Amino acid sequence: MSGRQKALLGLLAVLLVALFVVAVGAGRDDSGDPGARYGFVDRLGALGGDRSAVDPATVSADCADETGRLAFSGSCLVRVADPGGLRTLVLRSTARFTVVAPAPGDADLTIRDEVEPAADGTGAVAKIAVDQATEVGLVCPGLGGCTVVVATS
């Protein structure tokens, strides 16, 4: 075996060990929070930059009050103007609510998520990926009303 072949074989071994370390380090034993990011994934996300939020001025709804808050009981249809690229629609509330939205891109899939307030008292937050003009449905469970705010983060 020539010196060049030995060097290539050594480089391949180092690469395989590095990939194994990354794979083991990125794994978790618990089921976790699908919305959370950990360790190596965080560092990769930082390289690509954060996805910017949808501008609240480009969001409209029949349930919007004069302050721009979405106040409704039952359901409300939120319309998002074309953001010109992949953006995140951030919805915040102090109470539980449900979001029904189409998946971004050409996927023929509708996502439904029940958003619960966090245990630390920060409220319920829904983050929806939007890449074109779309409509997002909000549902308020129970007989009471919901107030949801379109946020920038």
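Going by the annotation in an unreviewed UniProt entry, the name recorded for the chain is DUF4333 domain-containing protein, with Micromonospora vinacea given as the source organism.

Our focus in this paragraph is the overall build of the chain. For the chain, the count of helices and strands is 2 helices and 9 strands. Put simply, the chain runs from its N terminus to its C terminus through helices and strands in the order α-α-β-β-β-β-β-β-β-β-β. Here the chain holds 153 residues, and the buried ones make up 23% of them. For the chain, restricting intrachain contacts to residue pairs at least 6 apart in sequence, the fraction spanning at least 24 positions comes to 68%.

In this section: the sheet that holds strand S2 (residues 70–72). Pairing within the open sheet is antiparallel, and its 4 strands lie in the order S2-S9-S4-S7. Lying at the two open borders of the sheet, with one neighbouring strand each, are S2 and strand S7 (124–130). Recorded for the sheet is a direction-independent mean angle of 25° between the axes of neighbouring strands. Bridge count for strand S4 (residues 87–93) against strand S9 (residues 146–151) is 4 bridges, and the pairing is antiparallel. Its bridge partner lying in S9, Val90 is registered against Ala151.

As a further point, take the sheet that holds strand S3 (residues 75–80). Pairing is antiparallel in the open sheet, where 5 strands are placed in the order S1-S3-S8-S5-S6. Among the strands making up the open sheet, the edge pair consists of strand S1 (59–61) and strand S6 (110–115). With direction set aside, neighbouring strand axes in the sheet form an average angle of 25°. Two strands pair when backbone bridges link them, and strand S5 (residues 97–102) and S6 are joined in this way by 6 bridges, in the antiparallel orientation. Of the residues in S6, the one forming a bridge with Thr98 is Glu114.

Next up on the list: a nonpolar patch on the surface. Residues Met1, Leu9, Leu12, Leu15, Leu16 and Leu19 make up a contiguous nonpolar surface patch of about 650 Å² in total accessible area. In this fold, Leu15 is placed in helix H1 (residues 3–26). The exposure class of Leu15 is partly exposed, given its relative accessible area of 47%.

It is worth spelling out the environment of Val136 at this point. Along the chain, the position of Val136 falls in strand S8 (residues 134–139). For Val136 and Ile111, which are 25 residues apart along the polypeptide, the C-alpha to C-alpha distance reads 9.9 Å. Here Val136 is in contact with Cys76, Leu77, Val78, Leu89, Val99, Val100 and Ala101, once residues within four sequence places are set aside.

For the rest of this paragraph, the subject is the confidence of the model for the chain. Taken as a whole, the chain shows an average pLDDT of 83; of its residues, 83% reach a score of 70 or greater. Taken element by element, the predicted model of the chain shows its lowest mean pLDDT in helix H2 (residues 39–48) (48) and its highest in S8 (96). Ignoring residues within four places in sequence, the model shows residues 34–38, a span with pLDDT below 50, making 5 contacts including any to other chains.

What follows deals with the side chain of Thr134. Tracing the backbone through its elements, the reader meets Thr134 in strand S8. Residue classification places Thr134 among the buried positions, given a relative accessible area of 16%. Beyond its immediate sequence surroundings of up to four residues, Thr134 is in contact with Val78, Arg79, Val80 and Pro102.

So, about the state of the cysteines. Enumeration according to the criterion identifies 2 disulfides in this entry. Across a sulfur-sulfur distance of 1.8 Å, Cys63 and Cys76 are joined as a disulfide pair. Handedness here is read from the sign of the S-S torsion; for Cys63 and Cys76, about -75°, the answer is left-handed. Of this pair, Cys63 sits in the loop between S1 and S2 while Cys76 sits in strand S3, and the two are 13 residues apart along the sequence. Comparing Cys63 with Cys76, the two get one shared label, buried.

The rules behind the values
- Per chain, residue numbering runs from 1 following the sequence as it is written.
- Residues qualify for local features only when their pLDDT is at least 70, as the model is predicted, and side-chain atom pairs are given and counted only at 80 or more; totals for whole chains, interfaces and linings, by contrast, use all residues.
- No hydrogens and no water enter the side-chain calculation; it runs on all heavy atoms of the structure.
- By definition, any uninterrupted DSSP run of H or I lasting at least four residues is a helix, any uninterrupted run of E lasting at least two residues is a strand, and each is numbered from the N terminus.
- Exposure classes here rest on a 1.4 Å probe applied to the protein chains alone. A residue is buried below 20% of its type maximum, exposed above 50%, and partly exposed in between.
- The contact criterion used throughout is that any non-hydrogen atoms of two residues lie within 4.5 Å.
- One bridge is not enough; two strands pair if DSSP finds at least two bridges between them.
- Where helices are involved, their axes are fitted lines through C-alpha atoms of the stretch in contact, as for all axes, and angles between N-to-C directions lie from 0 to 180°.
- What makes a patch is a set of residues exposed beyond 30% relative accessible area and free of salt bridges, joined within 9 Å when like-charged and within 5 Å when nonpolar (Val, Leu, Ile, Met, Phe, Trp, Tyr).
- Every accessible area reported is derived by Shrake-Rupley at a probe size of 1.4 Å, with residue values counting cover from the shown protein chains alone.
- Any carboxyl oxygen of Asp or Glu within 4 Å of a side-chain nitrogen of Lys or Arg constitutes a salt bridge here.
- Each residue carries a pLDDT score, the predictor's own confidence in it, on a scale running from 0 to 100.
- Cysteine sulfur atoms are paired as a disulfide whenever they fall within 2.5 Å.

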